[in-house]
Amino acid sequence: MGTMRERQREVQLYRGQVPSPGRPTVAWREDRVRFWAAIARGVKTEDAAVEAGVSSPVAFRWFRHAGGVNPCLPSSVSGPYLSFAQREDIAMFRAQGLGVREIARRLSRSPSTISRELRRNASTRTWRLEYKASIAQWHAERRARRPKVAKLVTNDRLREYVQDRLSGVVRGPDGRVVGPAGPAWAGKNKPHRGDRRWVQGWSPEQIANRLRVDFPDDASMRISHEAIYQALYVQGRGALRRELVACLRTGRALRVPRARARQKAWAHVTPEVMISERPAEVEDRAVPGHWEGDLLIGLQRSAIGTLVERTTRFTMLIHLPREDGYGVIPRTKNGPALGGYGAITMKNALASAMTTLPGQLRRSLTWDRGKELSAHAAFKVETAIPVYFADPHSPWQRGTNENTNGLLRQYFPKGTDLSRWNAQEIDAVADTLNSRPRKTLGWKTPAEALDEYLQSAQQGGVATIG
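The structure reproduced in this document is the subject of the present report. (Residues numbered from 1 in each chain as written. Predicted model: local features only at pLDDT ≥ 70, side-chain atom pairs only at ≥ 80, totals over all residues. Heavy atoms only, no water.)

## Remarks on the overall build of the chain
Link 1 in the chain: Per the secondary structure count, the chain includes 18 helices and 5 strands.
Link 2 in the chain: Going through the 466 residues of the chain one by one, you find that 39% of them count as buried.
Link 3 in the chain: Put simply, the chain shows about 26500 Å² of open surface, and 51% of that area lies on carbon and sulfur atoms. (Helix = DSSP H or I, 4+ residues; strand = E, 2+ residues; numbered from the N terminus. Buried < 20%, exposed > 50% of the residue type's maximum accessible area, 1.4 Å probe, protein only. Areas by Shrake-Rupley, 256 points an atom, 1.4 Å probe, with all protein chains shown as cover.)

## A closer look at helix α12 (residues 225–233)
Link 1 in the chain: For α12, the set of buried residues is I228, A231, L232 and Y233.
Link 2 in the chain: On its buried side, α12 packs onto α9 (151–154), α10 (156–167) and α11 (204–214). (Contact = heavy atoms within 4.5 Å.)

## Description of the pattern of salt bridges
Link 1 in the chain: Counted according to the given criterion, the structure contains 18 salt bridges.
Link 2 in the chain: We note a salt bridge from R34 to D31, for which the minimum N-O separation is 2.4 Å. Remark: D31 and R34 occur in helix α2 (residues 29–40); sequence separation between them is 3 residues, near one turn of the helix.
Link 3 in the chain: Residue R34 is classed as partly exposed on the basis of its relative accessible area of 38%. (Salt bridge = Lys/Arg side-chain N within 4 Å of Asp/Glu carboxyl O.)

## A short note on the side chain of R369
Link 1 in the chain: Along the chain, the position of R369 falls in the loop between β4 (364–367) and α15 (376–383).
Link 2 in the chain: We note that R369 is buried and unpaired, the nearest opposite charge coming from D391 at a distance of 4.8 Å.
Link 3 in the chain: One polar contact links the side chain of R369 to the main-chain carbonyl oxygen of A390, over a distance of 2.9 Å. (Lys, Arg positive; Asp, Glu negative; His and termini not counted. Polar contact = N/O pair within 3.5 Å; in protein donor to acceptor, adjacent residues only side chain to side chain.)

## Let's talk about the pairing of strand β3 (residues 315–319)
Link 1 in the chain: With 4 of 5 residues buried, β3 is to be regarded as a mostly interior element.
Link 2 in the chain: Of the pairings in the sheet, the one linking strand β2 (residues 303–309) to β3 comprises 5 bridges and is antiparallel in character. Within β3, the position partnered with G305 by the bridge is I318.
Link 3 in the chain: The hairpin turn running from β2 into β3, its antiparallel successor, is 5 residues long, and R313 in that turn takes a positive phi close to 65°. (Pairing = 2+ DSSP bridges.)

## Overview of the side chain of T400
Link 1 in the chain: Secondary-structure assignment places T400 in helix α16 (residues 399–408).
Link 2 in the chain: Sequence-distant contacts of T400, that is, excluding residues within four places in its chain, are made with R285, E292, V308, E309, R310 and R313.

## Some points on the nonpolar core
Link 1 in the chain: Counting residues in each nonpolar core, the largest one holds 29 residues, and the members touching the most others are L307, L350, L365 and W367.
Link 2 in the chain: Counting residues per element, the ones that place at least two in this core are β1 (290–297), β2, β3, α14 (343–354), β4, β5 (387–389) and α18 (446–458).
Link 3 in the chain: No other element matches α14, which puts 6 residues into this core.
Link 4 in the chain: One finds A150, L166, I223 and L232 within the second-largest nonpolar core, a separate group that totals 24 residues. (Core = buried A, V, L, I, M, F, W, Y, C linked by side-chain atoms within 4.5 Å.)

Below, the structure is given as structure tokens:
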């Protein structure tokens, strides 16, 4: 038995020189497996964090560092390796004073495996081998990392070929570089309503397949399109600069999981509220009271709601002021919609406007598929007005409203801030349209046609408008 220093030196030599790897991780393989399994199902990141049992900041950091690419971790470690649960058992048995052979017998492991585990993954670098399951798991996972060197790192010619096809400049006939320079890379998606740098912009699939044409006899000049995507999105691959994602057509800073991409953009539109379920009487425009609606969108999330009665072409404009705190309260993920046309705000504004109408003018409402009316069920309960949604990419199904919106753009042009106008001012525009004679009404104005219908209804006559 040697001195304390000799025993300490013996342990250090056995374990090797262990540089400080920083702070221990906050979660293990099992947690990451649960997280990425939830992401693969299309679950949002914050909800996947709940399933994995970690905090939202940790989950978002995992997603960001992986570039949105699922690392496809196996659900469990292979047989020869100890799991975190087994390491917890070892720590518990060790605290109870059990020997190595007894621990090995209880875990159905070899005594040498337990002995090696207690020495290699101990929580101290001195000869006193204190064993903690969390620190041991941390050491094991850190030691198990053996990332394969990316092909684009080792092959300079291949990397230059890929980079040139992705980010090569666009030149005119005279060889001069043309196009805007674009904004500086800020780690975000492509600029919204701004210039992007003009580049060659080949897709990874085009690059991967063109290599076979340009280098038919050079097997070293081969790479899959998935390897290019991972080199762009996954941090730590070290092959391509991260900012080159801006050269992709989508310009996404993070990859979108396939399950999320397949999710329905209009989840609030169910088969029961499709336009095909709308009463047949709406089509012939014989009975007033059926409305079409949409939004006029302006700059800085400003909007005006538009309602048009199908038979008389009578127009109502909905004032949608921004909520208190807009531009002052920082944007919060899943926070309240402060732009003026969030689901609840829109529902309340529509209900307030349409409940002022006589009962015979509240038969139905046909809307675009925008999420601003995702609270349509609550709107129907409050107003007794059924809501129907048009088919995707079918503006002709709301032709009356589309035509009216075109007329309104004379007063509210695209690219202007619509929040400048108050309720009285937009009501004045609505009155102007309702006082304008229309050819389809026999040169009567919408206001006159609606008034004629209401008078006929009061007299108990048949209310039809030709």
